[in-house]
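Chain by chain, the residues:
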Amino acid sequence: MLDLSNKLEKREIIKTWLAGQHSCTLIIPKEFAKEYGLDKPSHVIVEGRGEGILIKKLDV
């Protein structure tokens, strides 16, 4: 069974900003990026959901 309490403790509030007219920049804290294998250039899938945005690493 998935332990959600541990994941909820890892929340952080971060800021986004517009980057040009067609995109938004999101800075992921280094410790989060490292934990999920995003601390080096990589590809992700961005999926809109009813409760928010889901970002998943894509292994190519």
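Residues numbered from 1 in each chain as written. Predicted model: local features only at pLDDT ≥ 70, side-chain atom pairs only at ≥ 80, totals over all residues. Heavy atoms only, no water.

### Structural notes on the overall build of the protein chain
Next, step 1: Scanning the protein chain for helices and strands turns up two helices and four strands.
Next, step 2: Reading the secondary structure of the protein chain in the N-to-C direction produces α-β-β-α-β-β.
Next, step 3: Long-range contacts, defined here as pairs at least 24 residues apart, represent 7% of the contacts in the protein chain between residues at least 6 apart.
Next, step 4: Accessible surface, the protein chain as shown: approximately 5700 Å² in total, 58% of it carbon and sulfur. (Helix = DSSP H or I, 4+ residues; strand = E, 2+ residues; numbered from the N terminus. Contact = heavy atoms within 4.5 Å. Areas by Shrake-Rupley, 256 points an atom, 1.4 Å probe, with all protein chains shown as cover.)

### Describing the layout of surface pockets
Next, step 1: Taken as a whole, the largest pocket encloses approximately 900 Å³ of empty space.
Next, step 2: F32, Y36, I53, L54 and I55 are, among the 20 residues lining the largest pocket, the residues nearest its centre.
Next, step 3: When contributions to the lining of the largest pocket are tallied by element, the ones reaching two or more residues are α1 (4-8), α2 (30-35) and β4 (52-58).
Next, step 4: With five residues, β4 is the largest single contributor of residues to the lining of the largest pocket. (1 Å grid on protein atoms, 1.4 Å probe; cavity = no way out; pocket = protein on both sides within 12 Å on 5 of 7 lines; lining within 4 Å. Points joined across faces, edges and corners; volume = space filled by probe spheres on them.)

### Considerations on the pairing of β4
Next, step 1: As judged from the seven bridges shared by strand β3 (residues 43-49) and β4, these two strands associate in the antiparallel manner. Its bridge partner lying in β4, V46 is registered against I55.
Next, step 2: Where β3 folds back onto β4 in an antiparallel hairpin, the turn is made up of two residues. (Pairing = 2+ DSSP bridges.)

### Focus: a nonpolar patch on the surface
Next, step 1: A contiguous nonpolar patch, built from I14, L26, I28, V44, V46, I53 and I55 and spanning about 590 Å² of accessible area, is present on the exposed surface.
Next, step 2: Of all elements in the fold, only β3 and β4 reach the threshold of two or more residues within the nonpolar patch.
Next, step 3: In this fold, L26 is placed in strand β2 (residues 24-26). (Patch = residues over 30% accessible without salt bridge, like charges linked within 9 Å, V, L, I, M, F, W, Y side chains within 5 Å. Salt bridge = Lys/Arg side-chain N within 4 Å of Asp/Glu carboxyl O.)

### Comments concerning the confidence of the model for the protein chain
Next, step 1: Overall, the predicted model of the protein chain reaches an average pLDDT of 84, with 85% of residues at or above 70.
Next, step 2: When the elements of the protein chain are averaged for pLDDT, α1 gives the smallest value, 53, and β3 the largest, 95. (pLDDT = per-residue confidence, 0-100.)

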